[in-house]
Every structure is written in structure tokens, then in C-alpha cells.
Amino acid sequence: MVSPLILVNLKTYQEGMGSNAHRIAAAAETVARESGVVIGIAPVFTEIHPMSHHYAIPVYAQHIDAIAPGAHTGHILPEAVRAAGARGTLINHSEHRLTLADIDACVRAAQRLHLESVVCTNNDATSAAAAALHPDYVAIEPPELIGSGVSVSKADPGIIERSVNAVRAVNPETKVLTGAGIQSGECVKIAVDLGTCGVLLASSVVKADDPEAVLRDLVSLL
Ligand code: G3P
């Protein structure tokens, strides 16, 4: 069985910036080392390089743009993300939606650069569409539960199950993550028992007084 991935998206939360970001990364590194569970972190772009070099955990970009090196201004160049040390990248996060053509181009860019691609989706139909593009992961996140404190694992396990089935039917090699409101080991266990390979989460870790304690709980039932 593939080792589950706990991917912590710091978004642009104040609590996930600067020294706070490093506190969370250090906690993730400690918990990953002690538990053997892979814990990745997706910080703001400016932290990709320092985090990739200071911590042993995999670092992901929150987004890439489907551009090639050249005359572009203000974009996120996939080559630059790779050079900064990222292991992979989120694509089409609910808070940064792309067209299907752009998602396709981003997945291809990630493949070309050996970056893991994590395409976020909002329902089982978009999960199937994303799987057809052959990303490494599809991350199903019902938008209405993102940041709500209500876990998708408990509020809508059906969407996880349907997405796992939809992705398997289209492309069995693409793994599924689930996210939105994930906050405990129980949420992670439900998601994994439903056939996913881990979770994508943010607020329960980023906004916690003690991120390390939350991370320990998240991996506790794996
Ligand atoms: O990228 C993770 C995310 O959208 C879920 O956020 O705060 O519900 O864990 P949250």
C-alpha cells in the first residue's frame, strides 16, 4: 500500500507566514519522522526555497501557471518552482480555479519537470475529468466545507467514495486525496478507509495554538 500523504496548505493565512510557517514545518518534520507518515507542506511561494532546503519534508507550490520561460510578468513559472526545490504543486485549488485547458497544460508542465501534480476538484464529475489528464493526485474538496470546521469525512463521505470510484474508472494510477474541514485522526482514517491516499488540509493545523499536537492526532490512527 502507498504511504498516505498528509498535505498541509498554509494558504495565505497570517498564521502560516514567516516564523509561524517555520514552526509548522518544524512540527511536521518532527511528526513525520516519528510516525513514518509523509507530511508535506504548501507554503507561500517565497518560502518554497528556504523550506525545501531547511526541512526534510516535501514542499509543494500552491499553484503554477501554464507558461514557458520567456516574456511573462507576475506569473509562477513551473521551472522556477522546480528549481526552488519543490516536490510538487497544487493545481486548480478551489481558491485559484483554472480552465480545463490550463489544468491540462499545468499537469503537462509538472510531468515534464518531474513535479508531483495535485489537481483539486469540487465534485465527482470534475474528479473524473481531472483523472483523464493523468495527474499524480486528484484532491476532492467540496468548496462549501473548506475552512468550515466541518469535516468532509463525516459530513459527506459519499463524495469521497464517488470520487475514488470515478477516478479509478478513468485512470487507476491517479491517487485520490480528500480535503475540507479535516481536523483529526478519525477524519483521516475515514478518508483512507474510503480508498483515498491521504488528505489535503489547512486551517486545523495552520490556525492551531499547537500545530504539532494536531499533526500528531492526524497521523494517530494510520
Ligand atoms: O487546501 C486545503 C483546503 O482547501 C482545505 O482547507 O481549512 O478546510 O482544511 P481546510
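Residues numbered from 1 in each chain as written. Predicted model: local features only at pLDDT ≥ 70, side-chain atom pairs only at ≥ 80, totals over all residues. Heavy atoms only, no water.

An unreviewed UniProt entry lists the protein under the name Triosephosphate isomerase, with Methanoculleus methanifontis given as the organism. Quoted verbatim from the Subunit (unreviewed entry) heading of the UniProt record, the comment on the protein is "Homotetramer; dimer of dimers." (UniProt positions renumbered as here; feature names shortened; annotations may be inferred.)

**Student:** Before we go on, may I ask you to explain the UniProt feature "binding site: substrate" (unreviewed entry) in the protein in this structure?
**Tutor:** The UniProt feature table records "binding site: substrate" (unreviewed entry) at Asn9, Leu10, Lys11, Ile146, Gly181, Ala202 and Ser203. Judged by maximum C-alpha separation, these annotated positions cover 195 residues in sequence but sit close together in space, the widest gap being only 14.2 Å. Its location among the elements puts isoleucine 146 in the loop between strand E6 (137–140) and helix H6 (152–155). With relative accessibility at 18%, the residue isoleucine 146 sits in the buried group. (Helix = DSSP H or I, 4+ residues; strand = E, 2+ residues; numbered from the N terminus. Buried < 20%, exposed > 50% of the residue type's maximum accessible area, 1.4 Å probe, protein only.)

**Student:** It is not clear to me how the site of the ligand should be interpreted in this structure. Could you clarify?
**Tutor:** The environment of the ligand is made up of Asn9, Lys11, His93, Glu141, Ile146, Gly147, Ala180, Gly181, Leu200, Leu201, Ala202 and Ser203. A distance of 3.1 Å separates an oxygen atom of the ligand from a polar atom in the side chain of glutamate 141. The contact in question runs from an oxygen atom of the ligand to an N or O atom on the backbone of alanine 202, over 2.8 Å. Looking at side-chain class alone, the shell around the ligand contains 5 nonpolar, 5 polar and 2 charged residues. (Near = heavy atom within 4 Å. Polar contact = N/O pair within 3.5 Å; in protein donor to acceptor, adjacent residues only side chain to side chain. Nonpolar A, V, L, I, M, F, W, Y, C, P; charged D, E, K, R; others polar.)

**Student:** Is there a simple way to explain the pairing of strand E2 (residues 38–42) in this structure?
**Tutor:** Regular strands place side chains that alternate from one sheet face to the opposite one. Among the 5 residues in E2, 4 count as buried, and that is most of the element. Relative to E2, strand E1 (residues 5–9) is paired through 5 bridges, and the arrangement is parallel. Residue pairing in the sheet places valine 8 in a bridge with isoleucine 41 of E2. In the classification by handedness, the crossover that spans E1, the intervening helix H1 (residues 18–35) and the parallel E2 is right-handed. (Pairing = 2+ DSSP bridges. Right-handed = clockwise from strand over helix to strand, strands pointing away.)

**Student:** Looking at this structure, I do not really get the environment of proline 157. What am I missing?
**Tutor:** Residue placement: proline 157 occurs in helix H7 (residues 157–170). The class for proline 157 is partly exposed, based on a relative accessible area of 31%. Sequence separation between proline 157 and alanine 191 is 34 residues; the distance between their C-alpha atoms is 7.7 Å.

**Student:** For this particular structure, what's the right way to read the confidence of the model for the protein?
**Tutor:** Where the model shows low pLDDT, its predicted coordinates should not be examined in detail. Overall, the prediction assigns the protein a mean pLDDT of 97, with 99% of residues at 70 or greater. Both scores are available for the predicted complex, with the pTM at 0.97 and the ipTM at 0.99. (pLDDT = per-residue confidence, 0-100.)

**Student:** What is the right way to look at the packing of H1 against helix H10 (residues 211–219) in this model?
**Tutor:** Two elements in contact, H1 and H10, have axes whose closest approach is 9 Å; the angle formed by their N-to-C orientations is 35 degrees. For the pair H1 and H10, the crossing hand works out as right-handed. Side by side, H1 and H10 meet where Arg23, Ile24, Ala27, Ala28, Thr30, Val31, Glu34 and Ser35 of the first sit next to Pro211, Glu212, Leu215, Arg216 and Val219 of the second. In the contact of H1 with H10, the residues fall into 7 nonpolar, 2 polar and 4 charged. (Axes fitted to C-alpha atoms, helices over the stretch in contact; angles between N-to-C directions. Left-handed = near helix turned anticlockwise from the far one by under 90°. Contact = heavy atoms within 4.5 Å.)

**Student:** Looking at this model, I keep getting lost on unusual backbone geometry. Mind explaining?
**Tutor:** Excluding glycine, a negative phi dihedral is what most residues carry, and trans is how most peptide bonds are arranged. Notably, histidine 114 is not glycine yet its phi reads approximately 60 degrees, a positive angle. Among the secondary structure elements, histidine 114 is positioned in the loop between helix H4 (100–112) and strand E5 (116–121). With a phi angle near 115 degrees, alanine 180 is a residue other than glycine that sits in the positive phi range. You can see alanine 180 is positioned in the loop between strand E7 (175–179) and helix H8 (185–193). Judged by its relative accessible area of 5%, alanine 180 is buried.

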